[in-house]
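What follows is the residue order along each chain.
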Amino acid sequence: MLPTHLLFGRAFSEDPYAVYAELRAAGPVHPIDFPPGAAAFLVVDHEHGRAALSDPRLSKDTAFSAVPVNPELFFGGTMLGMDPPDHTRMRGLVAKAFTARRVERLRPRVEEIAGGLLDGIADRGEADLIEDFAVPLPIRVICELLGVPARDRARFREWTAVLTVPALTAEARGRRREAARAFNGYLLDVIAERRDEPRDDLVSGLITARDGDAALTEAEMLGTVALLLIAGHETTVNLIGNGMLALLQAPGQLELLRSRPELVPSAVEELLRFDGPVERASQRIALEDMEIAGTPIPKGAWVHVSLGAADRDPAVFEAPDTLDVTRAANVGRQRGHVAFGHGPHFCLGAPLARLEGQIAIGGLLDRFPDLSLAVPADELRHHRTGSIVRGLVSLPVRV
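In this report, we go over the structure that sits alongside the text. Quick caveat: nothing in here was measured; it's all calculated off a predicted structure. (Residues numbered from 1 in each chain as written. Predicted model: local features only at pLDDT ≥ 70, side-chain atom pairs only at ≥ 80, totals over all residues. Heavy atoms only, no water.)

## Focus: the overall build of the protein chain
Then step 1. Helix and strand content of the protein chain: 17 helices and 10 strands.
Then step 2. A compact globule built from 399 residues should have a C-alpha radius of gyration of about 21 Å, and the protein chain, at 21 Å, falls within 12% of that.
Then step 3. Taken over the C-alpha atoms alone, the protein chain extends approximately 60 × 55 × 45 Å along its principal axes.
Then step 4. Looking at the protein chain residue by residue over its 399 residues, the buried ones come to 54%.
Then step 5. If you take every contact in the protein chain between residues at least 6 apart in sequence, the share linking residues at least 24 apart comes to 73%.
Then step 6. For the protein chain, the accessible surface area stands at approximately 17,300 Å², while carbon and sulfur atoms represent 54% of it. (Helix = DSSP H or I, 4+ residues; strand = E, 2+ residues; numbered from the N terminus. Rg over C-alpha atoms; globule rule 2.2 N^0.38 Å. Buried < 20%, exposed > 50% of the residue type's maximum accessible area, 1.4 Å probe, protein only. Contact = heavy atoms within 4.5 Å. Areas by Shrake-Rupley, 256 points an atom, 1.4 Å probe, with all protein chains shown as cover.)

If you want it as structure tokens, here you go:
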């Protein structure tokens, strides 16, 4: 059994792909000690990982776990912790409000926000791309999408800083409860206000979304907004940070992308594959005794799919450890990356993350032709607040 520290420790966080390559060579499925006391398995190849993400025998509801867990730590009460038909109903309603058209309408404003942040970086000559760019960009975008006024963004940022960190200690759980209470109270006021005076924002769209007589309850709206804030925000921050580090460490690819800006959308897909923002998909629980790649999975066991390992699988991607910003244009849809998941729980916020990633990375390369790391790459550290997300603590650069 793989010990928890192997996949949660500092050494692993700095270079998980070498570990994944060794595991994949030994087989596609491995027993793992997480959560403690449960039968749990890690899937590390593309074929079986992708299949598991859409397997109806694997539930997202932790109520089916063979060992008791706190559902709040595993997205309980949100779409991410639901199965059909509840998940189907709720996702369909949210999709009516969170449309591709609504996201695309944000493009000019996202470009404007990114441009203002880049102006600030240019004035200083150096910056931490995480703190000064990757974090504030999606926070400002999500606030405008939700209709949060500028005067409240600082409070939103404070709540987000707490709610995006898994509560693994009693002290952290206390801070999380306080932040959640304030956040929920604020959103309930916004919901009440939008019921009286609808606007062209996501909260108003969630209120008016209907499928026959079906509509979202206030609790479901709160869960949806919290999920969008936590999962969507963290995804975009890490996409920008991981992506820029990868490019800065591959100067040939960086110069190719700078000389051919039309490749930016393709490059973002490759950066998602190469060092994606989500290392492991959220949990699945076996509803019955089953097998994955010949490995017996007992009823109630946990199945974890490593998206990072699947996206470096040499059976699918040629030279998977090499960054190639032209790769995505040549990869068929059925053999593409799984950085946003796959199946019924494919990330609903993927269009927004892609839009923000394309604008952010394209803007950085266009604005700063001499962009470079301000510290040696081996001094950079990835945060380990949980095994799901993968992102940098900081990314100091000179411009």
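Now that the structure is up, let's keep going.
## Let's talk about the environment of Arg-195
Then step 1. Among the secondary structure elements, Arg-195 is positioned in helix α11 (residues 170-196).
Then step 2. Placed 188 residues apart in sequence, Arg-195 and His-383 show a C-alpha to C-alpha distance of 40 Å.
Then step 3. Once you skip the residues sitting within four places of it in the chain, Arg-195 turns out to touch Ile-207, Glu-218 and Met-221.

## Examining the packing of aromatic side chains
Then step 1. Applying the stated criterion across every chain, the model contains five aromatic pairs.
Then step 2. Between the aromatic rings of Phe-12 and Tyr-20, the centroid separation amounts to 5.4 Å while the plane-to-plane angle is 90°, which identifies the pairing as edge-to-face.
Then step 3. A relative accessible area of 3% places Phe-12 in the buried class.
Then step 4. Three or more aromatic residues joined by ring pairs make a cluster, and in this case those are Phe-12, Tyr-17 and Tyr-20.
Then step 5. One residue, Arg-273, lies across the ring of Phe-317, its end atom 5.3 Å from the ring centre.
Then step 6. The side chain of Arg-312 reaches across the aromatic face of Tyr-17, ending 3.8 Å from its centre. (Phe/Tyr/Trp six-rings, centres within 6.5 Å; stacked < 30°, edge-to-face > 60°. Lys NZ or Arg CZ within 6 Å of the ring centre and 35° of its normal.)

## Focus: the sheet that holds strand β2 (residues 40-43)
Then step 1. The five strands lie next to each other as β1-β2-β8-β5-β3, forming an open sheet whose pairing is mixed. At either end of the open sheet lies a strand with only one pairing partner, and these are β1 (29-31) and β3 (58-59).
Then step 2. Taken together, the two bridges between strand β5 (residues 284-286) and strand β8 (residues 302-305) define a ladder with antiparallel strand orientation. Bridge pairing in β8 places Ile-285 opposite Trp-302.
Then step 3. Sitting on the sheet, helix α4 (residues 46-53) is in contact with β2, β3, β5 and β8, with an inclination near 120° to β8. (Pairing = 2+ DSSP bridges. Axes fitted to C-alpha atoms, helices over the stretch in contact; angles between N-to-C directions.)

## Let's talk about the environment of Asp-321
Then step 1. Note that Asp-321 resides in the loop between α16 (307-310) and α17 (350-367).
Then step 2. On the basis of relative accessibility, which here comes to 51%, the residue Asp-321 falls in the exposed class.
Then step 3. The spacing of Asp-321 and Ala-18 is 303 residues in sequence and 9.6 Å in space, taken between C-alpha atoms.
Then step 4. Residues contacting Asp-321, with those up to four places away along its chain left out, are Phe-274 and Arg-312.

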